[in-house]
Structures are given as C-alpha cells and as structure tokens.
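# Structure at a glance
Residue-level listing of the chains:
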Amino acid sequence: MSLSIPFIGRIIKWIVAAFFVSTILAVVALKFIPVWFTPLMFIRAAEHIGNGEAPRMHHHWVPLDEMTENMPIAVMASEDQRFLIHHGFDFDAIQKAVERNMKAGKKKYGASTISQQTAKNVFLWPGRSWLRKGLEMYFTTLIEFVWGKERIMEVYLNSIEMGDGIYGADAVAEYNFGKTAATLSRKDCALIAATLPNPRKFSSKEPSQYMKKRQRRILREMKFVKWAR
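The structure reproduced in this document is the subject of the present report. Just so you know, these numbers come straight off a predicted model, no measurement behind them. (Residues numbered from 1 in each chain as written. Predicted model: local features only at pLDDT ≥ 70, side-chain atom pairs only at ≥ 80, totals over all residues. Heavy atoms only, no water.)

What follows is about the sheet that holds strand 3 (residues 166-167). What the three strands build is an open sheet, ordered 1-3-2; its pairing is mixed. Bordering the open sheet on either side are strand 1 (58-59) and strand 2 (161-163), each of which pairs with just one other strand. Across two bridges, strand 1 lies against strand 3 in parallel orientation. By the bridge assignment for strand 3, H59 is matched with Y167. (Pairing = 2+ DSSP bridges. Helix = DSSP H or I, 4+ residues; strand = E, 2+ residues; numbered from the N terminus.)

In structure tokens, the structure reads:
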C-alpha cells in the first residue's frame, strides 16, 4: 500500500517537531548538567581501537570557578578575542578568512568562534559538510541564547580536545603539567592555548620552538583580554 502525500507530510512534520523539541531540551538540560562525554571522545576512542591501541579518554569536569582565570583569557587571546562581544559568530573574522582562503590556494583558514567550537564539540561530529555546518549554526545560536558566555566558556574548557585522548583543562593540567586547572600558570595556559585547534599535532607537554613562539605571542595578547566572572 502506497503512502499518501498528506501522510508523508505529517510524518515529516512530526520528525521536525521532535528534532526541535529534543535539541532544545538537551541544550536546556546541559546548562545545568556537566558534559561528561562528547561525540568526539567516542570517535577518538574508536580510532585508537582501530589502530590496535587501547582507547584513551582522560577527562575531568571542573567548574569554571575552580580554574585559573588565565585559562579563559588564554583561549580567548588565541582563538576568539571578540568572544564576549559577539553573539556566536564573528562576521569580521569570517570575511577575513574568506579573503585569505581566496588567496591561499589549498590551505584553508577558519573563523570558528569559541561558541561554534563548543556547539560542535558537544552536539556534533568533525567534518566540513554543509549539513554539519548548518547544524553547528543552529546549536551555536541555541547555546548563546540559553547558556550565556560563562557557561559556554565552562563547557568549552571542559570538553575541548587538548591532546591525544586528553579533554579539558584539568586533564591536560594533570597529564602534561602535573598540576590542576586551578594551579596552571599564565605561561602554562598560553602554551595550552597555543596547541589549539590542532592539539594532536602540537604538544603542550613537549613544545616545539614553533609552539614556544606562539606561546609568547599569546602571552602578549593576553594583556589586552579581559575576563570578568
């Protein structure tokens, strides 16, 4: 028996309604609940297994007020200096990235904000498809509206990949510096931020000269970044 067009239309409406209701409820819940796991953590663990290795997933949830304030300052200096004043998207940075990409050839430059990276880390998967980018914009708008800047920063600093199998500021503090997120120095935070957004290629534990150069630049930029809790 063939399905009628009105029936198919109703199914589509229910699917769309279910998507919006479920995603909004998830965003509201995660405003209060720690984000213990992200899709990327499981993807990386599967990659480890696929390579014949034991899965690695080092992650500790730490409230923002238990981290040194140098950590959010460092990532803003490195990744998104307009974080506190934009509404999820930095259109000036996007325009500059488009202009640079037109001249750069194969090398592509991004302009993702901390809000966008947080939305991707928590709700989505790595990739560059139009579908994923569209969903990223949707979730970015939602978390900006529901969470606010302080919660976005808290989730970002707890979920961001900061090494091979290392997620969040407290885990990288322990495994790369023998410290906690509260006791990281200003230089430590700048070095961690210098590895972003490719922490599996660049190490904060054994930094190259290039990483140390980036660290010095970020330390200079941190002087002009304000963070008030």
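And the narrative resumes.
Under the counting rule described, the total for this entry stands at twelve salt bridges. Among the ionic pairs, R132 bridges to E136, the shortest N-O distance being 2.8 Å. Pair noted here: R132 and E136 are both in helix 6 (residues 130-146), with a separation of four residues, about one helical turn. The buried category is assigned to E136, whose relative accessible area is 1%. K133 serves as the salt-bridge partner of E136, at 3.2 Å between the closest nitrogen and oxygen. (Salt bridge = Lys/Arg side-chain N within 4 Å of Asp/Glu carboxyl O. Buried < 20%, exposed > 50% of the residue type's maximum accessible area, 1.4 Å probe, protein only.)

This part covers the packing of helix 5 (residues 114-123) against helix 6. Here helix 5 crosses helix 6 at 110°, and the two axes come no closer than 8 Å. One finds that helix 5 runs roughly perpendicular with respect to helix 6. Counting all contacts with helix 5, which are made through S115, Q116, T118, A119, K120 and F123, the residues of helix 6 involved are R132, K133, E136, F139, T140, I143 and E144. A breakdown of the residues in the contact of helix 5 with helix 6 according to their chemical character gives four nonpolar, four polar and five charged. (Axes fitted to C-alpha atoms, helices over the stretch in contact; angles between N-to-C directions. Parallel < 35°, antiparallel > 145°, perpendicular 65-115°, else oblique. Contact = heavy atoms within 4.5 Å. Nonpolar A, V, L, I, M, F, W, Y, C, P; charged D, E, K, R; others polar.)

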